[in-house]
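Chain by chain, the residues run as shown.
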Amino acid sequence: MKYSLFRKLVFWFVVLLLVSGQVLPDVSHRQDFSGYDTKDRPWYPLLKKNSPPLEIPRFHQSTIAGNVPTYSLPENKSLLRSVFIRLDGGMAEEKHNGLTLFWADVWLENGRHLLPAIGEHGTSWEVSVDDDHIMIRIYGLTDYFFEDTLAILEYLLLPRWDEKILVAEKNKYTQEIKNLKENPAGLAFKYARRIVWKNHPVRGRRIPSSLTFTLADLEKRHKEMVARNRVSVFSSFPLDEKNFTDVLEKKLGKLSANSPISRKPSNVPPENFPGKTPVFHFVMDIPTSVILYAGHGVSHGDHQYYAYKLANHIVGGDSFNSVIAKKIRVEKGWAYAAYSYYESGKYDGTTYFFIQASSEYTTGVLDEMGKIQKSGDYMTPEKLEHARSSVSNKFVFLYSTIHELLQQKIAIYNDGLPEEYLETFIPQTRSVTLEQWKNAKENYFSGKNMPVILVGPQSMKTAIGTEYNYRIIKWEDLVE
């Protein structure tokens, strides 16, 4: 590209200004505040000492179409709308593992083929499957949202089943199982859930290697799930917009009146591992290995939940600031990833330590993790205040939009918690005592009753000391 003489002159003029310091400010005279006490810093009086009060909208609750419950948020001035259709009952009530999940996938994929205009409108719809419920989420622009939602509801009432879609989804499932062998982290987590929750009606089952479902099986499951007594509706807007309640009445009023829900998971205890800590090793010739600890945690509604959450934050949940990351990744340089993680639901919870490192460092990682688990030196009052402050400051980002707020409130509903949970979250976090916090760490992050899952080469076995009960696990232990 050729430049004019004028542009060249401008360019060199700017360069001279930068060099002479006329554009870039002179920083040599800036005052160093690093030695000041916080309260002596000139900006301190400008900071608010108290957080603003939380004003979180409540659900408006009602019923339609023969006692179908609805939960809607107040006025939504956004150009976007979202609605969730919840169907009670899920994977825990089926006889063959995978039927409910496969039915949902086939129903959704076939619907996207039959209703292409919905995608062209920018409206998205998804289906998620849990142990005891199914969620159908619809999200899109106001101009198209209502007609698209009605089309999806009509398809829910009168589904179509295509043999080609069934075959395609089976092939996709088969490929996903094959890909699992190339996913060390995914493999480790699936083994962990099966080992820790061996008696659980869903997580303890082995994965079927192939699917024998027919269109008749999917149709039967659809009739069981889409029944009036199973349905509830959650919306990010008042349901009387554009007479949406009347339309829902007409659509959902066509549902069959009743479908018994045969089984729900509850109070299923995790496995116990008395004696030596078991190490389950899936041999895989890879340069970067996975070391995963897994054990029981707490349910979302447990009285220890807030102390448990704060303990996780310090031990491994606070990125590079957490103990695991500092000791294993930053100071030692052994790991590409090192953190703790937990899952808490309505009935139970699971605690994890995840480390991804070169196999040569396995011995060092296991030794250092043992020290971190047993030590309580880092559980100081200052660290507790840091955890409280960090978790509270991140709290607002859980619902920065009305749609995120709706998802949070639905999760609270699904976990059987009171609607005021969000308003009380920060006070509950602040009320955790040092003793409660230390107890949560000791009960759930000390390595007690936490088996270790290794995914990596055979050479990792040499890192296992006599304090562990080593065993090889095979593909058949996870997949039927």
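This is a predicted model, so every value here is computed, not measured. (Residues numbered from 1 in each chain as written. Predicted model: local features only at pLDDT ≥ 70, side-chain atom pairs only at ≥ 80, totals over all residues. Heavy atoms only, no water.)

For the rest of this paragraph, the subject is the overall build of the chain. Secondary structure assignment for the chain yields 15 helices and 12 strands. Here the chain, with 480 residues, has 46% of them falling under the buried criterion. At a minimum sequence separation of 6, the contacts of the chain that also span at least 24 residues come to 81%. (Helix = DSSP H or I, 4+ residues; strand = E, 2+ residues; numbered from the N terminus. Buried < 20%, exposed > 50% of the residue type's maximum accessible area, 1.4 Å probe, protein only. Contact = heavy atoms within 4.5 Å.)

Once that is clear, we can look at the confidence of the model for the chain. Summary statistics for the chain give a mean pLDDT of 88 and a share of 89% for residues scoring 70 or more. Ranking the helices and strands of the chain by mean pLDDT puts helix H15 (residues 434-444) first, with 97, and helix H1 (residues 5-20) last, with 46. Contacts of residues 13-34 to residues separated by more than four positions or lying in other chains number 10 contacts, the stretch itself having pLDDT below 50. (pLDDT = per-residue confidence, 0-100.)

Moving on: the side chain of His-133. With respect to the helices, strands and loops of the structure, His-133 is situated in strand S5 (residues 133-141). At 3.3 Å, the side chain of His-133 and the side chain of Asn-414 are in polar contact. (Polar contact = N/O pair within 3.5 Å; in protein donor to acceptor, adjacent residues only side chain to side chain.)

Helical geometry note: an α-helix holds 3.6 residues per turn, so side chains three or four residues apart project in the same direction. Between the first and last C-alpha of helix H6 (residues 184-196) there are 18 Å, a value that for 13 residues agrees with the 18 Å anticipated at 1.5 Å per step. Along H6, the residues that are buried comprise Pro-184, Gly-186, Leu-187, Ala-188, Phe-189, Tyr-191, Ala-192, Ile-195 and Val-196. On its buried face, H6 is in contact with helix H5 (163-180), strand S7 (277-283), strand S8 (288-296), strand S9 (335-344), strand S10 (349-358) and strand S11 (452-456). (Expected span 1.5 Å × (residues − 1).)

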